[in-house]
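Residues per chain, in single letters:
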Amino acid sequence: MNSSYPNLLNPITVRGHEYRNRVEFGPTLFAHSIFTIPEIKENVYRMVEDRAKGGAATVSTGEICVNFEEGITDFAFHKVDYSKLSGEDFDALSEYASRIKKHGAIALFEVCHEGCAAHAPEGISVWGPDEFTRPDGVHVHALDRKMMRKICRDFRTFGEFASAAGFDGVLLHGGHGFLLQQFVSGGTNHRSDRYGGSAENRARFPKQIIRALRKGLGPDKIIELRFSAQDGVDVPGAMTIDDTVEFARLIDGLVDIFHVSNGLKEKGNSTGTFSSHYDIHGVNVEYARRIKAVLKKTLVSVIGGLNDPGQCEEIIASGAADFVAFGRQGFADPDFVNKVIAGKADRIRRCVRCFNCYPGSIEHPSDIDFNERGLTPEYLKKILSPAAMGRCTVNPDSGFGRVPYDCLPPVKEYKKILVVGGGPAGMQAAITASQRGHDVTLIEKEQQLGGTVRIFSEKDPHKKDLLDFINVLEKDLRDCATVITGQAATPEFITGFAADITLIATGSVYKEPVKIAGYENLTDIRMAYENTPEGKSVIILGGGMSACETAVFLAEHGCRVKMIIRSRFVAKELFGGARNALLTLMEKLGVAIVYEARFKSIEPGVVNCVFPDDTETAFSADIIYGALGSKPQDELYRELILSGLQIFAIGDTACPGRIVDAVHGAYDRVIGIGT
Ligand SMILES: Cc1cc2nc3c(=O)[nH]c(=O)nc-3n(C[C@H](O)[C@H](O)[C@H](O)COP(=O)(O)O)c2cc1C
Ligand code: SF4
């Protein structure tokens, strides 16, 4: 037992079930995906199994709807009959429980009813606390007593199913704007009967649902209620933390654990369901503390941007919550608990909250449909396929459309491998190659490893987790490979080294926009991190994700920032939550954006632009940065390609892109070697 985390690792018994520690792995992919996307079924099971194997106390499935009528959720095309306690569907869902319990964790089955927010295919009527017509034209029927009885019956039947299927309990999803929250919130419940008005009345139907679920589950199973701390929207009567605290007090003892999340699913980033790297870690901890303070029987779990075992220990030690729960951290490193126990907390790959595994909903007012962004069909296919789901920037053995590491074909021939370049791609390639048994040497021309990512993540406080990732890569690398730093790999060195396979990971460099007159007056955008101006006026030409992130960085250094872009859309590579977080912060910091400009010429401190209506404007600033693209730094690769060596480019040297592409691309390149 690791004595640095006595509270986090402290076992506890809940309703007769032994929790081996205080870590819960929360839901991260709807449970019915095994039916609706059969090609990823095995990997979905593995998602929960890996987390149980990784030492967590509990692992939950993702949500499934309590019925396939008014409670139907998105993608729930395959109807499960919960009254049938045998057969194919029963076996398929029971498999989740077996995979989790096999490794000593407690298995929870998440169930939800989305109420008035329900997905409404043709012919399905939608029910909620109030009668109204939604902005999408769907009419919502106010629940009467008969409808309420039907929903309670469905929860009871589901409870019987979950119990028979071998789950230890149910995670009842009442938050993120779903049915239970709709009743508690004065923003969505305007009833004048015994289900509206006072806090007691608003809690009445949620209590009936919980009791019905308990009847179905039986007395020995756990009920954990997932709920939001607040609605998080500016609507009259919207649920605040005061309402939630009162609701928690009213249901004390009815559920075993009150799981504190936040916000509304459809506005996930702006309402705090999905925090970004611009938010603090543990966004819901202070809400959990308030809720815990009024509960005498029910325990409290908290989720939201947690990835640091030290902070998790402190949350439990300080009494803010009894459990910590992880969402995305489950993709980043399912082995979290085992690493804590083994004294290897510094090797945990922490979630950097980049939203790559889950884009969220279109949220920012300026968002437009995927197809209107000018992205290539290949890129669109890549990001929209099931394979993209759960694909984690910091964990290449993640993503539902892939062969898991322990199922890879065995290596038959071990090779001598040279990796040139110590950025994320080079380090990941070297680590994976070593894990596969090859003899690996990595050479980096700088004294420090990490490449460009180290440069900006050391400077940008919002990128602290990325810096941590680089440091974890470096530690893992030094454990398993020979590392040479401060020495450039010349062609002579490489040929003399005579590796069986050489991987070139020399990264990318600034691409000068040579077609623009006076382009030499531009400053490489990357210089903003190496030589950061304070309080200057700056112009950034270009509006990609990195340009926007640099705009934030400079604005936070007191610069007056103007971005001038060619299109009508900034950060087109980003979606949903990630884009909302970035653009909202840019607005807050006063970053100005000039759209649809053609760059006619650049003089020192001046950029001359032409607009679609043929007007011309000269913009001036102390510094004008160019962020119009990067190009592979591939001279070495090109020089050696005809040398007869087996040589491959990886990461940005193959194709400049995001860190996730570098890490996954490097891993994919290496896993087939010698098989
Ligand atoms: C890919 C993905 C799928 C998710 N699916 C579900 C789900 O089925 N049910 C649910 O209640 N929450 C779901 N969530 C939300 C998480 O449980 C969690 O609330 C959210 O990620 C915030 O926690 P975190 O900051 O620890 O990631 C999902 C999250 C992700 C990233
Ligand atoms: S893809 Fe990004 S947000 Fe998702 S788990 Fe990995 S690091 Fe976290």
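Residues numbered from 1 in each chain as written. Chains lettered and ligands numbered in written order. Predicted model: local features only at pLDDT ≥ 70, side-chain atom pairs only at ≥ 80, totals over all residues.

Novice: An account of the overall build of the protein chain is needed here, citing residue identities and associated values.
Specialist: Looking only at helices and strands, the protein chain features 21 helices and 28 strands. Computed over its C-alpha atoms, the radius of gyration of the protein chain comes to 27 Å, within 12% of the 26 Å expected for a compact globule of 675 residues. Summarising its shape, the C-alpha atoms of the protein chain cover approximately 75 × 65 × 45 Å along the three principal directions. In the protein chain, the proportion of contacts linking residues at least 24 apart, taken out of those at least 6 apart, comes to 73%. (Helix = DSSP H or I, 4+ residues; strand = E, 2+ residues; numbered from the N terminus. Rg over C-alpha atoms; globule rule 2.2 N^0.38 Å. Contact = placed C-beta atoms within 7 Å.)

Novice: So what's going on with the site of ligand 2? Residues and values would help.
Specialist: What surrounds ligand 2 is a group of 13 residues, the closest being R328, C351, N356, C357 and C392. For the shell around ligand 2, the class distribution of residues is 9 nonpolar, 2 polar and 2 charged. (Near = placed C-beta within 6 Å. Nonpolar A, V, L, I, M, F, W, Y, C, P; charged D, E, K, R; others polar.)

Novice: Account for the site of ligand 1, with residues named and values stated.
Specialist: Not every one of the 24 residues close to ligand 1 is listed here, only the nearest: P27, G62, G327, R328 and Y358. Grouping the amino acids of the shell around ligand 1 by side-chain chemistry returns 9 nonpolar, 11 polar and 4 charged.

Novice: Requested: an account of the sheet that holds strand β23 (residues 598–603), with residues and values cited.
Specialist: Overall, antiparallel pairing links the 3 strands, which are arranged β23-β24-β25 in an open sheet. What marks the edges here is a single partner per strand, and that holds for β23 and β25 (616–620). Taking each pair of neighbouring strands and ignoring which way they run, the sheet shows an average axis angle of 25°. In this sheet, β25 lies alongside strand β24 (residues 606–610) in antiparallel orientation, the contact comprising 5 bridges. Each residue of the ladder has a partner; that of C609, found in β25, is T617. (Pairing = 2+ DSSP bridges. Axes fitted to C-alpha atoms, helices over the stretch in contact; angles between N-to-C directions.)

Novice: Explain the sheet that holds strand β11 (residues 257–261) to me, using residue names and the numbers behind them.
Specialist: Read once around its circumference, the closed barrel built from 8 strands follows the order β3-β4-β5-β9-β10-β11-β12-β13, with strand pairing classed as parallel. Sheet twist, expressed as the average angle between the axes of neighbouring strands with direction ignored, equals 25°.

Novice: Before we move on, can you summarise the domain arrangement of the protein chain with the specific residues and values?
Specialist: One can read the domain layout of the protein chain as domain 1 (12–351), domain 2 (410–510 + 632–671) and domain 3 (519–628). Placing a centre on the C-alpha atoms of domain 1 and another on those of domain 3 gives a separation of 41 Å. Across the boundary between the two partners, domain 1 contributes 6 residues, which contact 5 residues of domain 3. (Domains from an automatic or database assignment.)

Novice: Lay out the packing of helix α18 (residues 545–555) against helix α19 (residues 576–588) with the relevant residues and their values.
Specialist: Look at α18 against α19: their axes get within 10 Å of each other, and the N-to-C directions meet at 40°. Between α18 and α19 the crossing geometry is left-handed. For the pair formed by α18 and α19, the contact residues are C548, E549, A551 and V552 on the first element and L582, L585 and M586 on the second. Class assignment for the residues of the contact of α18 with α19 results in 6 nonpolar, no polar and 1 charged. (Left-handed = near helix turned anticlockwise from the far one by under 90°.)

Novice: Outline helix α2 (residues 41–53), listing residues and values.
Specialist: If you check α2, its first and last C-alpha atoms are 18 Å apart, about what 13 residues at 1.5 Å a residue would give, namely 18 Å. The elements touched by buried residues of α2 are β3 (23–25), α1 (33–36), β4 (58–65), α3 (88–101) and α10 (329–332). Just beyond α2, the residue with positive phi is G55, at close to 105°. (Expected span 1.5 Å × (residues − 1).)

Novice: I'd love a proper account of the environment of A92, names of residues and values included.
Specialist: Along the chain, A92 turns up in helix α3. A C-alpha to C-alpha distance of 27 Å links A92 and P396, two positions 304 residues apart in sequence.

Novice: Describe the nonpolar core, listing the residues and the values that go with them.
Specialist: Counting residues in each nonpolar core, the largest one holds 195 residues, and the members touching the most others are V170, V302, I540 and L541. A total of 8 residues in this core trace back to one element, the largest contributor, which is helix α21 (residues 659–671). Residues in contact with I540, not counting those within four places in the same chain, are I525, A547, T550, A551, V561, M563, Y625 and A627. (Core = buried A, V, L, I, M, F, W, Y, C linked by C-beta atoms within 7 Å. Buried ≥ 20, exposed ≤ 12 C-beta atoms within 10 Å, placed from the backbone.)

Novice: Tell me about the packing of helix α4 (residues 145–164) against helix α6 (residues 199–217), residues and numbers included.
Specialist: Between two packed helices, what matters for the description is the angle formed by their axes and the separation of those axes. Interaxial distance between α4 and α6 falls to 6 Å at its minimum, and their mutual angle equals 35°. In the packing of α4 onto α6, the handedness of the crossing is right-handed. Contacts between α4 and α6 involve M148, I151, C152, F155, R156, T157, F158, G159, E160, A162 and S163 from the first element and F205, Q208, I209, A212, L213, K215, G216 and L217 from the second.

Novice: Explain the environment of I222 residue by residue, including any values.
Specialist: Positionally, I222 belongs in strand β10 (residues 222–228). Spatially, the C-alpha atoms of I222 and G16 are 9.0 Å apart, while their sequence positions differ by 206 residues. Beyond its immediate stretch of four places on either side in the chain, I222 contacts V14, R15, H17, L108, D168, G169 and D256.

Novice: Tell me what's going on with the pairing of strand β21 (residues 560–564), and back it up with residues and numbers.
Specialist: For β21, a buried count of 4 out of 5 residues is recorded, marking the element as mostly surrounded by other parts of the structure. Here strand β20 (residues 537–541) runs beside β21; their pairing, made up of 5 bridges, is parallel. Its bridge partner lying in β21, L541 is registered against I564. Tracing the backbone out of β20, into α18 and back to the parallel element β21 gives a crossover that is right-handed. The pairing of β21 with strand β22 (residues 592–594) spans 3 bridges and is classified as parallel. By the bridge assignment for β22, M563 is matched with I593. Where the polypeptide runs from β21 across α19 and back to β22, its parallel neighbour, the crossover connection is right-handed. (Right-handed = clockwise from strand over helix to strand, strands pointing away.)

Novice: An account of the environment of T432 is requested, with residue identities and associated values reported.
Specialist: You can see T432 is positioned in helix α13 (residues 424–435). Judged by C-beta crowding, with 24 C-beta atoms within 10 Å, T432 ranks as buried. Separated by 288 residues in the primary sequence, T432 and D144 have C-alpha atoms spaced 59 Å apart. With near-sequence residues (within four places) excluded, T432 lies in contact with Y667, V670 and I671.

Novice: Go over helix α8 (residues 285–294), please, and point to the residues and values.
Specialist: Of all the residues in α8, the buried ones are V285, Y287, A288, I291 and K292. For α8, the angular spread of buried residues about the axis comes to 150°, placing them on one side. Where α8 is buried, its residues contact α7 (241–250), β11, β12 (299–302) and α9 (309–317). (Arc of directions from axis to C-beta.)

Novice: So, the pairing of strand β14 (residues 416–420): which residues are in play, and what are the values?
Specialist: Counting buried residues along β14, 4 of its 5 residues qualify, which places the element largely inside the surrounding structure. Where β14 lies against strand β15 (residues 439–444), 5 bridges are found, and the strand directions are parallel. When the bridges of β15 are listed, L418 appears paired with T441. Across 4 bridges, β14 lies against strand β17 (residues 501–504) in parallel orientation. Within β17, the position partnered with V420 by the bridge is I504.

Novice: Lay out unusual backbone geometry with the relevant residues and their values.
Specialist: At F75, a position not held by glycine, the phi torsion is positive, near 65°. Phi at F355 is positive, roughly 70°, even though this residue is not glycine. Checked against the element boundaries, F355 lands in the loop between α11 (336–341) and α12 (377–384). Take F355: there are 23 C-beta atoms within 10 Å of it, and that puts it in the buried class.

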